[in-house]
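# Structural characterization, general
In case you want the letters, here they are:
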Amino acid sequence: MSPNQNLEKQQMYGFWNEAACGESLYLKEVDCAGYQAHSEMRYQLEPFIPTFADFATAKEQKVLEIGIGLGADHQRFAEAGAELYGIDLTERAVEHTRRRLVLFGLSSTLSVGDAENLAFPDETFDQVYSWAVLRHSPKTPLAIEEIYRVLKSGGTAKVMIYHKWSMIGLMLWLRYALLVGRPWRNLKAA
Ligand SMILES: C[S@@+](CC[C@H](N)C(=O)[O-])C[C@H]1O[C@@H](n2cnc3c(N)ncnc32)[C@H](O)[C@@H]1O
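Heads up: these notes are all about the structure in this document.

Rules behind the numbers
- Residues numbered from 1 in each chain as written.
- Predicted model: local features only at pLDDT ≥ 70, side-chain atom pairs only at ≥ 80, totals over all residues.
- Heavy atoms only, no water.
- Near = heavy atom within 4 Å.
- Polar contact = N/O pair within 3.5 Å; in protein donor to acceptor, adjacent residues only side chain to side chain.
- Areas by Shrake-Rupley, 256 points an atom, 1.4 Å probe, with all protein chains shown as cover.
- Nonpolar A, V, L, I, M, F, W, Y, C, P; charged D, E, K, R; others polar.
- Helix = DSSP H or I, 4+ residues; strand = E, 2+ residues; numbered from the N terminus.
- Expected span 1.5 Å × (residues − 1).
- Contact = heavy atoms within 4.5 Å.
- Pairing = 2+ DSSP bridges.
- Axes fitted to C-alpha atoms, helices over the stretch in contact; angles between N-to-C directions.

## Points about the site of the ligand
Surrounding the ligand, one finds 16 residues, the nearest of these being Arg42, Gly67, Asp88, Ala115 and Ser137. At a separation of 2.9 Å, a nitrogen atom of the ligand approaches a polar backbone atom of tryptophan 131. Relative to its unbound accessible area of 590 Å², the ligand is 97% covered by the protein chains. Taken together, the residues that form the shell around the ligand break down as 7 nonpolar, 6 polar and 3 charged.

## Quick notes on helix H3 (residues 32-45)
Compared with the 20 Å implied by 1.5 Å per residue over 14 residues, the 20 Å span of H3 between its first and last C-alpha is a close match. Close packing links the buried residues of H3 with helix H2 (23-26), helix H4 (49-53), helix H5 (72-79), helix H6 (91-103) and strand S4 (125-131).

## What about the sheet that holds strand S2 (residues 83-88)?
What the 5 strands build is an open sheet, ordered S3-S2-S1-S4-S5; its pairing is parallel. With partners counted over all chains shown, the strands left at the sheet margins are strand S3 (109-112) and strand S5 (151-160), one partner each. In this sheet, neighbouring strand axes are inclined to one another by 15° on average, regardless of whether the strands run parallel or antiparallel. Pairing analysis gives 5 bridges linking strand S1 (residues 62-66) to S2, with the strands arranged parallel. Bridge pairing in S2 links glutamate 65 to glycine 86. Running over the sheet, helix H7 (residues 140-150) touches S1, S4 and S5 and is turned about 145° from S5.

Now the structure itself:
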């Protein structure tokens, strides 16, 4: 990895480890009610997530989520009965998701990890899911290669990458750059 990409990843880590995705705006209390309210807000704002993720298909499947954030989708996969694994670049996301699952009596194997260097053997998972994560990784194509490597033959990758020049891209820049007093942050970093 080039020094620039390394720096980019460190900045990414610092940003998301300060507050996980949606934490400052949508997580009022760190308890069941708080996480529940976060999920409701998330699926109101992005109602297409459940259709895309199709959580029910994860029942009894070995599923990896990359970039778990606050863990709302991860909770849905756990509720669906997946044999579940989750990683995120930051400890903060892993801690939130761990707490969230414990509060709801659910389980998953969670760890800090990097999408560009997955710590799993080839052909491990039936499904790999990742929402709004890989655009943030300096070497997105490498992360895609890693997903294919850890997927079983015939497995399914469900990956959502926001288009940089889109309404969502603009919304993210407003939310994570302009409104937090960092208008110089570019759309990739936001
Ligand atoms: C925009 S948030 C999305 C989180 C969650 N998927 C969601 O939709 O709320 C991006 C997440 O990706 C994580 N992330 C960024 N680069 C990563 C990488 N290379 N490997 C694993 N996680 C990464 C960040 O730490 C952050 O939690």
